[in-house]
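# Fold and contact review
Take a look at the letters that make up each chain.
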Protein chains: 2
Amino acid sequence: MQTATHASVAPIRFVPRATAAAIDDAPTPLKTQCSTCHLKDLCLPCGLTGTDVERLDGLKFARRRVKEGQAIYHEGDKFQFIYAVRSGTFKSTLNLRDGREQVTGFQMAGELLGLDGLASGKHASTATALEDAEICAIPYAHLSELASTSTDLQHVISRLMSREIVREHSLMMLLGSMNAEERLAAFLLNISQRMKARGYSASEFHLRMSRAEIGSYLGMKLETVSRTFSAFAHQGLLEVDKKHVRITDLPGLQQAFELRVQ
Amino acid sequence: MQTATHASVAPIRFVPRATAAAIDDAPTPLKTQCSTCHLKDLCLPCGLTGTDVERLDGLKFARRRVKEGQAIYHEGDKFQFIYAVRSGTFKSTLNLRDGREQVTGFQMAGELLGLDGLASGKHASTATALEDAEICAIPYAHLSELASTSTDLQHVISRLMSREIVREHSLMMLLGSMNAEERLAAFLLNISQRMKARGYSASEFHLRMSRAEIGSYLGMKLETVSRTFSAFAHQGLLEVDKKHVRITDLPGLQQAFELRVQ
DNA sequence: CGCAGGGTTGAAACCTCTCAAATAAAGTGG
DNA sequence: CCACTTTATTTGAGAGGTTTCAACCCTGCG
């Protein structure tokens, strides 16, 4: 549904896991401009004035298609690009010793990926497409060069990083002090809000992630996620059919979540 | 023990909660330089070359004493300063609806506080001293002005923010996939490492936070924290007496933690 | 000296996890 | 196009770990 508006983009070949980093070094040389992007109010240009947005157009970055299941970078890969999601949904994950993965976030259109790579020069997580997607690959060197000519742009980047910190704070609160129902309610309300901000229905949507991925993100087992979905359905808060969700009692769902959180 | 090295600083009066923000507007006008600070390898100047560190000296910021229990900013306060811990320990907290608080981090000498305020211009958390402490209050406006003259300084700030994101990632992993023993082991090893980096013993230290605060941070109840301490003691991994901890089997503790994490 | 706050420990309740089985959907290959 | 396999999801029952409630100890302080 989200990819429908970007049909005129050259597809890139599928890149197997071991060499996925290689695509970072040779992005499709297709130029894109921020000033005319339909996501400019959500994405990098958000908060910038006309002149600064135009300055952003000086950035030479490429659009890329990413197939479902394909990673745009892996934990440990050299950090060179920041990625903006144009369409589709991604998950960010950390690898656990026993081979399992911990989901640290889901990213939707207009959201940025890869900011955790600045710390050490290597990506600290892996970003994988949950459906066929499209991204802008922004060379960090160019971006920071550009930022040195505009304090406003500097602030925007700092603000975006700060937002990520704040987001993770609330996730820590969720993981540290909420039970299963509160966690899932918080998750669904968050998705609902983000769908709404992107012009989709806030009450009915298609989850792109599996029960296991939701569980990993929320710190619970997939069976518990499934059970909690069923419990919400029995309570009349929503209707679920696999990944399709329809919220039928938004205030009720908010109450299930707001029992604890400020 | 940490405060002993900084005795020649004018004390500030205790400021009650409601007006604590006021001290932000009138910091003690005592100038400090980064280039001669004993924390320069841990703190803001970390990674900067000689010339850039000198440029940091152009920053006019004040040192301040903070009494145990006093907050340097509260959730919702206007964001103006970034704070560097000179001595002492702080906790960062979020308020929960039911009046309880969620601890999102502990900060030691050389670590920064307040970066979460950039996102919205208001502090997203509260920072409270766990013991008498000393901080540098760095006006963010000055810092970002200075950063516009040095790309290296820009990078340092970005890197520090990114580090915070990475730190929170691993905490999410901890909260999402570890049991009580793994959590406490991870916490103690982290504290141990940070003590070591500051020139203190890695194996014997005094915790500045209560069982309840540790529990809030680690997503467990204070009784469980206490029980897990006792369990470690029974296993011969450490000796505990209230807040005093001596790690007697570091490899054993690491094993208790590394069972899951990469 | 009594009290409050922080810490420890015990026992039972409760929630989530684990293990297991059944179902449905989707992909595979003849 | 149909059996077959694989994967995702749901649901049940019992195990297990953490929380809850409670009692008790210790220390510092007015």
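Residues numbered from 1 in each chain as written. Chains lettered and ligands numbered in written order. Predicted model: local features only at pLDDT ≥ 70, side-chain atom pairs only at ≥ 80, totals over all residues. Heavy atoms only, no water.

- Taking an unreviewed UniProt entry as the reference, chain A is identified by name as Helix-turn-helix domain-containing protein belonging to Ramlibacter cellulosilyticus.

## Side note on the pattern of salt bridges
- Within this structure, the stated rule accounts for 24 salt bridges over all chains.
- Among the ionic contacts, a cluster of salt bridges with common partners joins A:R63, A:R65, A:R86 and A:E134. (Salt bridge = Lys/Arg side-chain N within 4 Å of Asp/Glu carboxyl O.)

## Concerning helix α5 (residues 180-197) of chain A
Residue and element names in this part refer to chain A.
- With 18 residues, α5 ought to run about 26 Å at 1.5 Å a step, and its terminal C-alpha atoms sit 26 Å apart, in line with that.
- Residue N179 occupies the N-cap position of α5, its side-chain oxygen lying 3.2 Å from the main-chain nitrogen of E181.
- Downstream of α5 by one or two residues, G199 has phi in the positive range, about 90°. (Helix = DSSP H or I, 4+ residues; strand = E, 2+ residues; numbered from the N terminus. Expected span 1.5 Å × (residues − 1). Polar contact = N/O pair within 3.5 Å; in protein donor to acceptor, adjacent residues only side chain to side chain.)

## Comments concerning the UniProt feature "domain: Cyclic nucleotide-binding" (unreviewed entry) in chain A
- Within the UniProt annotation, "domain: Cyclic nucleotide-binding" (unreviewed entry) is assigned to residues 53-129 of chain A.
- End C-alpha atoms of residues 53-129 of chain A are separated by 28 Å, and the span's content is 5% helix alongside 44% strand. (UniProt positions renumbered as here; feature names shortened; annotations may be inferred.)

## Details of the side chain of B:D116
- Tracing the sequence through the fold places B:D116 in the loop between β6 (112-113) and β7 (126-129).
- Of the buried charged residues, B:D116 lacks a salt bridge, with B:R167 as the closest side chain of opposite charge at 8.5 Å.
- Looking at B:D116, its side chain comes within polar contact range of the side chain of B:S125, at 2.7 Å.
- Among all residues touching B:D116, those that are not within four sequence positions of it are A:S162, A:I165, A:V166, A:H169, B:K122, B:H123, B:A124 and B:S125. (Buried < 20%, exposed > 50% of the residue type's maximum accessible area, 1.4 Å probe, protein only. Lys, Arg positive; Asp, Glu negative; His and termini not counted. Contact = heavy atoms within 4.5 Å.)

## Details of the interface of chain B and chain A
- On the chain A side, the residues contacting the 47 residues of chain B number 47 residues.
- For the pairing of chain B and chain A, the buried interface totals around 4100 Å² over both sides, and the portion due to carbon and sulfur atoms is 61%.
- Put simply, chain B and chain A have 0 salt bridges between them.
- Remark: the boundary between chain B and chain A carries 12 residue pairs in polar contact (both at pLDDT 80 or more).
- With 20 residues, the single largest contributor to the side of chain B that touches chain A is helix α4 (residues 151-177) of chain B.
- Tallied by class, the residues present in the side of chain B that touches chain A amount to 18 nonpolar, 18 polar and 11 charged. (Buried area = accessible area lost by both parts, 1.4 Å probe. Nonpolar A, V, L, I, M, F, W, Y, C, P; charged D, E, K, R; others polar.)

## Some remarks on the protein's contact with DNA strand C
- Close contacts around DNA strand C come from 17 residues, with A:A180, A:T224, B:R211, B:R227 and B:S230 the closest.
- A share of 63% of the atoms of DNA strand C within 4 Å of the protein falls on sugar and phosphate groups.
- For DNA strand C, a base nitrogen lies 3.3 Å from a polar atom in the side chain of A:E223.
- B:S226 is positioned with one of its side-chain polar atoms (N or O) 2.8 Å from a phosphate oxygen of DNA strand C.
- Those elements giving two or more residues to the surface near DNA strand C turn out to be α7 (222-234) of chain A together with α7 (222-234) of chain B.
- Considering only residue class, the surface near DNA strand C consists of 3 nonpolar, 6 polar and 8 charged. (Near = heavy atom within 4 Å.)

## What to know about the UniProt feature "domain: HTH crp-type" (unreviewed entry) in chain A
- This chain's UniProt record puts "domain: HTH crp-type" (unreviewed entry) on residues 178-251 of chain A.
- As a span, residues 178-251 of chain A carries 55% helix and 15% strand, and end to end its C-alpha atoms are 19 Å apart.

## Details of the side chain of B:E168
- The topology assignment puts B:E168 in helix α4.
- A polar atom in the side chain of B:E168 sits 2.9 Å from the side chain of A:H169.
- When residues no more than four places from it in sequence are discounted, the contact partners of B:E168 are A:I165, A:E168, A:H169 and A:M172.

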